[in-house]
Amino acid sequence: MKIKGNIGEIPAEFIWSDKAGLMTKELGKYAGSEKIYANLDSIPPKAFSTKYHSHSQQEEFFYVLSGSGTLRLNDREQEVTAGDFIAKPGGRMLAHTFYNSGTEPMLILDIGTVEKEDTCYYPDEDVYLHKSNGDSRAFSGDILLTEWTSEPNQ
């Protein structure tokens with residue numbers, strides 16, 4: 001298990017990116033963290049950090065290292081800039097995303113708890129992503145099992 005790392009030496013398997021140029025470096029995972037994650041997110045101009053979502057269990061903390069943008073938190077938008085930090089307790093339906101409205105990449109240190117069970121809700125799409133026992137399943141909120149019951153003898 002690795003304990004220490006250097007930002008310039010993160011192997012490709014600990015780096016995720018998308019076609020817009022959003023990049024996440026999984027610092028905690030690379031160093032061997034198990035109960036918390038620590039990611040360095042680089043959000044290019046005119047891009048989002050994530051889809052707008054909330055967590056049922058996971059707690060998150062964000063620290064804006066550089067750049068500027070907009071935080072959408074429970075449908076309220078507020079400007080954020082280097083030096084701002086945000087705490088987002090889990091289980092409170094606090095939906096969030098960052099949008100880089102600036103002209104330079106926005107760097108955010110994203111720290112949170114690693115939860116074996118967590119449901120993310122994406123209100124703009126009415127989609128749930130349920131994570132359990134290493135599996136993830138996405139389902140739409142409008143496809144509900146109204147006739148299902150947990151009663152064993154029905």
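Everything here concerns the structure above.
About the cut-offs
Residues numbered from 1 in each chain as written. Predicted model: local features only at pLDDT ≥ 70, side-chain atom pairs only at ≥ 80, totals over all residues. Heavy atoms only, no water. Helix = DSSP H or I, 4+ residues; strand = E, 2+ residues; numbered from the N terminus. Buried < 20%, exposed > 50% of the residue type's maximum accessible area, 1.4 Å probe, protein only. Contact = heavy atoms within 4.5 Å. Areas by Shrake-Rupley, 256 points an atom, 1.4 Å probe, with all protein chains shown as cover. Patch = residues over 30% accessible without salt bridge, like charges linked within 9 Å, V, L, I, M, F, W, Y side chains within 5 Å. Salt bridge = Lys/Arg side-chain N within 4 Å of Asp/Glu carboxyl O. Pairing = 2+ DSSP bridges. Axes fitted to C-alpha atoms, helices over the stretch in contact; angles between N-to-C directions.

Draft legend 1. Spotlight on the overall build of the protein. Within the protein one finds 1 helix and 13 strands. Going from the N terminus to the C terminus, the protein shows its helices and strands as β-β-α-β-β-β-β-β-β-β-β-β-β-β. In terms of its C-alpha atoms, the protein occupies a principal-axis envelope of roughly 60 × 40 × 30 Å. Each of the 154 residues in the protein was classed as buried or not, and the buried ones make up 31%. Long-range contacts, defined as pairs at least 24 residues apart, comprise 58% of the intrachain contacts of the protein with a sequence gap of at least 6. Surface accessibility of the protein: about 10000 Å² in total, with carbon and sulfur atoms responsible for 53%.

Draft legend 2. Broad picture of a nonpolar patch on the surface. Taken together, the side chains of Phe 61, Tyr 63, Leu 65 and Phe 85 define a hydrophobic patch exposed on the protein surface, amounting to about 370 Å² of accessible area. The biggest single contributor to the nonpolar patch is strand β5 (residues 60-66), with 3 residues. Mapped onto the secondary structure, Tyr 63 falls in strand β5. Judged by relative accessible area, Tyr 63 falls into the partly exposed class, the value being 30%.

Draft legend 3. Representation of the sheet that holds strand β9 (residues 96-99) within the structure. Overall, antiparallel pairing links the 3 strands, which are arranged β7-β6-β9 in an open sheet. Both edges of this open sheet fall to β7 (76-81) and β9, since each of them pairs with a single strand only. Neighbouring strand axes in the sheet, compared pairwise and without regard to direction, differ in orientation by 25 degrees on average. Pairing between strand β6 (residues 68-73) and β7: 6 bridges, direction antiparallel. Within β7, the residue paired with Leu 73 across the bridge is Arg 76.

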